[in-house]
Amino acid sequence: MEDNLADVFDHSFSWYLIWKVVVPAKVKFFIWRILRNALPCKHNLRVRHMYIDECCPVCGVGMETDFHILYCCSFARSCWLLSNLGWVSFSSLNTMLSYVLTFLSVSQREKVFILIWSLWTHHNDIVWNQIFQQPIYMVNRARVVLEEWQLARLHFRVTNSSTKPLAAAVWQPPSLGQYKYNIDISVQANGSYGLGMVV
């Protein structure tokens, strides 16, 4: 049913493309785990000798593979169709991700990665918290998560680039008729501390 990693990603595959996508590191690591067949979906757990029901908790119909949860499940398919990314038939998640990393633009890769991440977190919300959301909510949530992360990243870059290094502080005497307090405190690993003050 699923392509073997060796078939899809031969030695010529550029794995660095995953790390070049500008999304949070946890999302890139998650995509890497998918490609390494290390996602803890029910099918993978069963293959690793954990005998559990393999039925998808989202749709209640399909076998819970990573491909089903993130792409073929009726819920996932609705999300893909509602997004501006669309839905194309692939034989496996590895094949789909190979296509994404090879042929889609940088901004489309970011959207795909975030939508996949959102589908996984939705799956976990259903399994662990019994919280089910509508597909349109998930698509909007994925869009907002990506936009907020990009804005925070941009703000961080702007703030860091406009900040000048601080000059070393040099002690200066107080103005005439005023007092100056110089205080220093140290805390040791064993819990003891020291305090010094000069007026």
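The structure under discussion appears in the preceding block.
Now for a quick tour of the structure. (Residues numbered from 1 in each chain as written. Predicted model: local features only at pLDDT ≥ 70, side-chain atom pairs only at ≥ 80, totals over all residues. Heavy atoms only, no water.)

1. Quick word on the packing of aromatic side chains
Any two aromatic rings considered together are summarised by their centre-to-centre distance and by the angle between their planes. Under the definition given, this model contains 10 aromatic pairs. Considering the side-chain rings of Phe-67 and Tyr-71, the 5.9 Å spacing of their centres and the 15° angle between planes classify their relative orientation as stacked. Within this pair, Phe-67 and its partner Tyr-71 are both found in helix H5 (residues 66-72), separated by four residues, close to a single helical turn. We note that Phe-67, like Tyr-71, is buried. (Phe/Tyr/Trp six-rings, centres within 6.5 Å; stacked < 30°, edge-to-face > 60°. Helix = DSSP H or I, 4+ residues; strand = E, 2+ residues; numbered from the N terminus. Buried < 20%, exposed > 50% of the residue type's maximum accessible area, 1.4 Å probe, protein only.)

2. Description of a nonpolar patch on the surface
A surface patch of nonpolar side chains, amounting to about 1,200 Å² of accessible area, comprises Tyr-179, Tyr-181, Ile-183, Ile-185, Val-187, Tyr-193, Leu-195, Met-197 and Val-199. Within the secondary structure layout, Met-197 lies in strand S2 (residues 193-198). A residue is classified by how much of its surface remains accessible, and Met-197, at 57% relative accessible area, is exposed. (Patch = residues over 30% accessible without salt bridge, like charges linked within 9 Å, V, L, I, M, F, W, Y side chains within 5 Å. Areas by Shrake-Rupley, 256 points an atom, 1.4 Å probe, with all protein chains shown as cover. Salt bridge = Lys/Arg side-chain N within 4 Å of Asp/Glu carboxyl O.)

3. Quick notes on unusual backbone geometry
At Asn-37, a position not held by glycine, the phi torsion is positive, near 60°. Along the chain, Asn-37 turns up in the loop between helix H3 (25-35) and helix H4 (42-47).

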